[in-house]
Amino acid sequence: MKDLKTVYLTHGPEFSLPKPEPCVMAMGFFDGVHVAHQQVILEAKNIARKRKIKLAVMTFFPHPREVLNLGKEKMNYLTPLEVKLDRFSKLGVDIVYVIKFDLVFAELSPKEFIDTYVTGLGVKHAVAGFDFTYGQKGKGTMKTMSTDGEGKFLVTVISKLDYKGQKISSTFIRNLLSHGEVNEIASYLGDYYETRGKVVSHYHSRIGKRFYIDVAVHPYYTLPANGIYEVEMHSEGHVYHGSALVYSNKIKLSFDGTIKNQTYETVKLKWIRSLDIERVQLQQI
Ligand SMILES: Cc1cc2nc3c(=O)[nH]c(=O)nc-3n(C[C@H](O)[C@H](O)[C@H](O)COP(=O)(O)O)c2cc1C
Ligand SMILES: Nc1ncnc2c1ncn2[C@@H]1O[C@H](COP(=O)(O)OP(=O)(O)OP(=O)(O)O)[C@@H](O)[C@H]1O
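- The name given to the protein in an unreviewed UniProt entry is FAD synthase, and the organism recorded there is Niallia endozanthoxylica.
- According to the UniProt record, the Sequence similarities (unreviewed entry) comment for the protein is "Belongs to the RibF family."
- Quoted verbatim from the Pathway (unreviewed entry) field of UniProt, the annotation for the protein is "Cofactor biosynthesis; FAD biosynthesis; FAD from FMN: step 1/1."

What follows is the structure in structure tokens.
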């Protein structure tokens, strides 16, 4: 990713802060980098350009909810960290601070977090959404951030962005996926949902009318519910339209038999819409 500086930070006794860089910082987890996330980052970008200082994003890994419920609830991530970083880069972000979210970090008081990771990193202007919380038990809110910052940086709060009366959120997008409603996702995500995966095998059907590819999805993506979907497969600069059968966390792609039997390593899939089973030649699979 051109020019994107990524700094990984882990809180602990031997922790040392990097040199503070005056910046405007957007804060949050940003799973999927959906339309509202983009709004938060673009608002921070506008301020950074006006103030002629760097645009930074602070994000965390793993997801706080996964750590705080002690792994009881498996997190269905929308995007692996490297895809998130690539999207930040495309939005014009200069620096990403990826903080390891563990139980030591979670115990920081709101004030300690602000002093160490906001003021301490050189933040001159913090930008986050209305519901961003920080510090032990999430006690720090966008109402307390200015006080905790003791006037050392300005704060901009992004009001709730919703669509059709629903808060745009990663959780809502995960719910759409779990119900197979991929058609709806583009309105909340800003594009079709996409996954990347490794080709496990490929073969033509007996009479050559169909070409099949079995794909294993990379970690930190969430597959839609079991079912049949219209997909676009992006591979080596080509785009192929076909269908995907999702079953027990596997994907079987089906294309018109004329597709060249190329040796693909990995494929990117864009999930367009869910299909009925009758409309896809399943009998040859
Ligand atoms: C330094 C720091 C410590 C945090 N500690 C906690 C915590 O102890 N408990 C908590 O519920 N949220 C904590 N949070 C807030 C979480 O990041 C997250 O926003 C919160 O769990 C609510 O997430 P949700 O609304 O997406 O479920 C902390 C955040 C930061 C930055
Ligand atoms: N619909 C929204 N309107 C305004 N700000 C938002 C919205 N959704 C997220 N944000 C802000 O974007 C940043 C990143 O959001 P974050 O990923 O932490 O929450 P989220 O998208 O609601 O995800 P989840 O559903 O997993 O909690 C935070 O500052 C958050 O307040």
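Still more to cover.
1. Some thoughts on the site of ligand 1
- Close to ligand 1 lie 14 residues; Arg65, Ala106, Thr133, Gly135 and Lys137 are nearest.
- At a separation of 3.0 Å, an oxygen atom of ligand 1 approaches a polar side-chain atom of Thr133.
- One of the backbone nitrogen or oxygen atoms of Gly138 is found 3.5 Å away from a nitrogen atom of ligand 1.
- For the shell around ligand 1, the secondary-structure elements that each account for two or more residues are α2 (64-68) and α4 (103-106).
- No other element matches the 3 residues that α2 contributes to the shell around ligand 1.
- Of the residues contributing to the shell around ligand 1, the split by class is 8 nonpolar, 4 polar and 2 charged.

About the criteria used
- Residues numbered from 1 in each chain as written.
- Chains lettered and ligands numbered in written order.
- Predicted model: local features only at pLDDT ≥ 70, side-chain atom pairs only at ≥ 80, totals over all residues.
- Heavy atoms only, no water.
- UniProt positions renumbered as here; feature names shortened; annotations may be inferred.
- Near = heavy atom within 4 Å.
- Polar contact = N/O pair within 3.5 Å; in protein donor to acceptor, adjacent residues only side chain to side chain.
- Helix = DSSP H or I, 4+ residues; strand = E, 2+ residues; numbered from the N terminus.
- Nonpolar A, V, L, I, M, F, W, Y, C, P; charged D, E, K, R; others polar.

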